[in-house]
Amino acid sequence: MKTKQLISAATFSALLIASNSAFAGETKTQKQRDNDKAAATLSTMVIGGLAGGPVGAFIGAVTGSLAAEHADTKHQQQELTIAMNEVEEMKAQLEKDQQRVSAMEQKAAEKLEFQVLFTTGSDELSQTDLKRVNSVARYLNTNPELKVNLEGHADPRGTDEYNYVLSEERVKSVIKALEEKGIDRSRVTYSAYGSDLSTAYQGDLEAYALDRRVKIDVVMKTDNSVASSH
């Protein structure tokens, strides 16, 4: 009976030390936790030895080791819980950041000077202007109530017929880029003006460069001020 009481005391002592170690948790260093292990093991070995000599010491050692491991496991669980909470906070922050970026993209699209420029005699979009058109497409994809109106222009060099065809081909290049990004053709209207609206003086190359453009207007679908679809 006395032996059983001492073994029970050893077990209680070890678990008490383990409990204190786990309660200290985050405030303890690794060295302090190692000391707690040693204390738990030593305590149970001493009492176990008193209870039953070598056999009691062995039982005490096992009991102390289990108690110390229990303390470490509980501490690790606490650390895991903290880490998981941090991950959830990071995910929530990331979602907020993504929403903020999306909102900034939409605002940027609203403020863009919606026009793309072309080189002389060309209807091919540059990489820079293609990115601008893609930005417009993203904005339209997230705002289905909007549509786009395009106006094609050319500089005054060349014949009127040539300039009309060239300005229309430039518009079609923009339409193709929009369609590739998922914009339905029904949401696009356009007009081709050739060089009719040019204000460049003869020989003004810088002004000519601004004439070679497609103007992009994003409007509500109910807006009747845009040109008819071609």
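For the structure itself, look to the data block above.
The rules behind each value
- Residues numbered from 1 in each chain as written.
- Predicted model: local features only at pLDDT ≥ 70, side-chain atom pairs only at ≥ 80, totals over all residues.
- Heavy atoms only, no water.
- Pairing = 2+ DSSP bridges.
- Helix = DSSP H or I, 4+ residues; strand = E, 2+ residues; numbered from the N terminus.
- Axes fitted to C-alpha atoms, helices over the stretch in contact; angles between N-to-C directions.
- Contact = heavy atoms within 4.5 Å.
- Expected span 1.5 Å × (residues − 1).
- Buried < 20%, exposed > 50% of the residue type's maximum accessible area, 1.4 Å probe, protein only.
- Core = buried A, V, L, I, M, F, W, Y, C linked by side-chain atoms within 4.5 Å.
- Salt bridge = Lys/Arg side-chain N within 4 Å of Asp/Glu carboxyl O.
- Parallel < 35°, antiparallel > 145°, perpendicular 65-115°, else oblique.
- Left-handed = near helix turned anticlockwise from the far one by under 90°.
- Nonpolar A, V, L, I, M, F, W, Y, C, P; charged D, E, K, R; others polar.

## Section: the sheet that holds strand β1 (residues 115–117)
And then number 1: Read across the sheet, 4 strands follow the order β1-β4-β2-β3 without closing on themselves; strand pairing throughout is mixed. The two strands at the open ends of the sheet, each matched to only one other strand, are β1 and β3 (188–192). On average, each strand axis in the sheet is inclined to that of its neighbour by 20°, with strand direction left out of account.
And then number 2: Bridge analysis of β1 against strand β4 (residues 213–220) gives 3 bridges, and the strand direction is antiparallel. Residue pairing in the sheet places Val116 in a bridge with Val214 of β4.
And then number 3: Strands β1, β2 (146–152), β3 and β4 of the sheet are contacted by helix α4 (residues 160–180), whose axis makes an angle of about 160° with β3.

## Overview of helix α3 (residues 127–142)
And then number 1: Over its 16 residues, α3 extends 23 Å from the first C-alpha to the last, a length consistent with the 22 Å expected when each residue adds 1.5 Å.
And then number 2: Three or more residues of α3 are buried, namely Asp129, Val133, Asn134, Ser135, Val136, Ala137, Tyr139 and Leu140.

## Some thoughts on the nonpolar core
And then number 1: Val116, Val133, Leu150, Val174, Leu178, Val214 and Ile216 are the most contacted members of the largest nonpolar core, which totals 22 residues.
And then number 2: Counting only elements with at least two residues in this core, the list comes to α3, β2, α4, β3 and β4.
And then number 3: Discounting chain neighbours no more than four positions away, the residues touching Val116 are Leu125, Asp129, Arg132, Val133, Val174, Arg212, Arg213, Val214 and Ile216.

## Quick notes on the pattern of salt bridges
And then number 1: Going through the model one piece at a time under the given rule, you end up with 7 salt bridges.
And then number 2: Arg157 serves as the salt-bridge partner of Asp155, at 3.1 Å between the closest nitrogen and oxygen.
And then number 3: The exposure class assigned to Asp155 is buried, which follows from its relative accessible area of 5%.
And then number 4: Under the relative-accessibility criterion, Arg157 is labelled partly exposed at 34%.

## Describing the packing of α3 against α4
And then number 1: For the pair α3 and α4, the least separation of the axes is 9 Å and the interaxial angle reads 50°. Taken as axis vectors, α3 and α4 run oblique relative to one another. Along this stretch, α3 crosses α4, giving a crossing that reads as right-handed. Between α3, through Leu130, Val133, Asn134, Val136, Ala137 and Leu140, and α4, the contact on the second element is made entirely by Val174, Ala177 and Leu178.
And then number 2: Tallied by class, residues from the contact of α3 with α4 come to 8 nonpolar, 1 polar and no charged.

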